[in-house]
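# Notes for the structure review
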Amino acid sequence: MPTALHELLRSLRVWAPEVTRLPPLDPAAAPADPVTLFEEWFAEVVAAGQPEPHTMTLATADEEGRPDARIVMLHGADADGWTFASHSVSRKGRQLAGRPYAALCFYWPVLGRQVRVRGPVAVAPPDAARADLHARSTGALAAALTGRQSAPLDSVEELRRASEAAWDRARDEPDAEAPTWTLYRLRPEEVEFFQGEQTRRHVRLVYRRTTEGSWSTGLLWP
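Residues numbered from 1 in each chain as written. Predicted model: local features only at pLDDT ≥ 70, side-chain atom pairs only at ≥ 80, totals over all residues. Heavy atoms only, no water.

### Looking at the overall build of the protein
When you go through the protein residue by residue, the secondary structure sums to six helices and 10 strands. Its C-alpha atoms give the protein principal-axis dimensions of about 55 × 55 × 40 Å. Here the protein holds 222 residues, and 36% of them are scored as buried. In the protein, the share of contacts with a sequence separation of at least 24, taken over all contacts with a separation of at least 6, comes to 64%. Carbon and sulfur atoms provide 55% of the accessible area of the protein, an area that totals close to 13100 Å². The average position of the 26 basic charges and that of the 30 acidic charges among the side chains of the protein differ by 5 Å. (Helix = DSSP H or I, 4+ residues; strand = E, 2+ residues; numbered from the N terminus. Buried < 20%, exposed > 50% of the residue type's maximum accessible area, 1.4 Å probe, protein only. Contact = heavy atoms within 4.5 Å. Areas by Shrake-Rupley, 256 points an atom, 1.4 Å probe, with all protein chains shown as cover. Lys, Arg positive; Asp, Glu negative; His and termini not counted. Charge placed at Lys NZ, Arg CZ, Asp CG, Glu CD.)

Structure (structure tokens):
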């Protein structure tokens, strides 16, 4: 017997034409490196009105190889890699310390696009982490100063007190240090660009890093 959830799922549409446009992707016209195409796509989805395009799924694995995933914020993408931040003592920080390899996934339904990135992860120098943190908002600094990410929490009231103290300090000390705040750089070995197509002939263009450090491209079946 179908449940209410199943009925609701069957009622939903993907890429409804009133909210989604599916531009073509010509692999022959793609740039030679994935960062350039990522920058182009990112600018296009921002212009198209995609909410929170800088959020992404970060997938890691624990010591036993069991996968984990969560949504984090992109801090940058350039020749050094895709950058994000977290506390080194958080669950993802501990997992990256034990298994420094990760995958990222962006989903931008306004244009029917996904970008998938995977590769080894390195810790950026501490001065880069400090500069990144202090370039962000007071709220971001307060969250970093609250700390204890992924640790057990006894009550919502405990969180409120710690957060209020962190907000006060962030306002009074905009250059305050958050010792465990860490900037991570994922250096991609593979980057896939997925462009949806109305008749389900989706285009999947994949870049793979060669042993010489350049990029090769290919296509994948959808």
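### A short note on the nonpolar core
Nonpolar side chains in soluble globular proteins tend to end up buried together. Core analysis: the largest hydrophobic core is formed by 29 residues, its most contacted members being Phe38, Trp82, Phe84, Phe106, Val115 and Phe193. At the level of elements, α2 (34-47), β1 (55-61), β4 (81-87), β5 (101-108), β6 (113-123), β7 (181-186), β8 (190-195) and β9 (203-209) are the ones that each hand at least two residues to this core. The element that contributes the greatest number of residues to this core is α2, accounting for five residues. Among the nonpolar cores identified, the runner-up in size contains 14 residues, and Ala129, Ala176, Trp181 and Leu183 belong to it. (Core = buried A, V, L, I, M, F, W, Y, C linked by side-chain atoms within 4.5 Å.)

### Considering the packing of helix α5 (residues 138-146) against helix α6 (residues 156-172)
Contact geometry of α5 with α6 gives a least axis separation of 8 Å together with a crossing angle of 130°. Considering their axes alone, α5 and α6 lie oblique with respect to each other. Once α5 is placed against α6, the crossing between them reads as right-handed. Contact with α5, carried on its side by Thr138, Gly139, Leu141, Ala142, Leu145 and Thr146, involves Leu159, Ala162, Ser163, Ala166, Trp167, Arg169, Ala170 and Arg171 of α6 and no other residues of that element. Class assignment for the residues of the contact of α5 with α6 results in eight nonpolar, four polar and two charged. (Axes fitted to C-alpha atoms, helices over the stretch in contact; angles between N-to-C directions. Parallel < 35°, antiparallel > 145°, perpendicular 65-115°, else oblique. Left-handed = near helix turned anticlockwise from the far one by under 90°. Nonpolar A, V, L, I, M, F, W, Y, C, P; charged D, E, K, R; others polar.)

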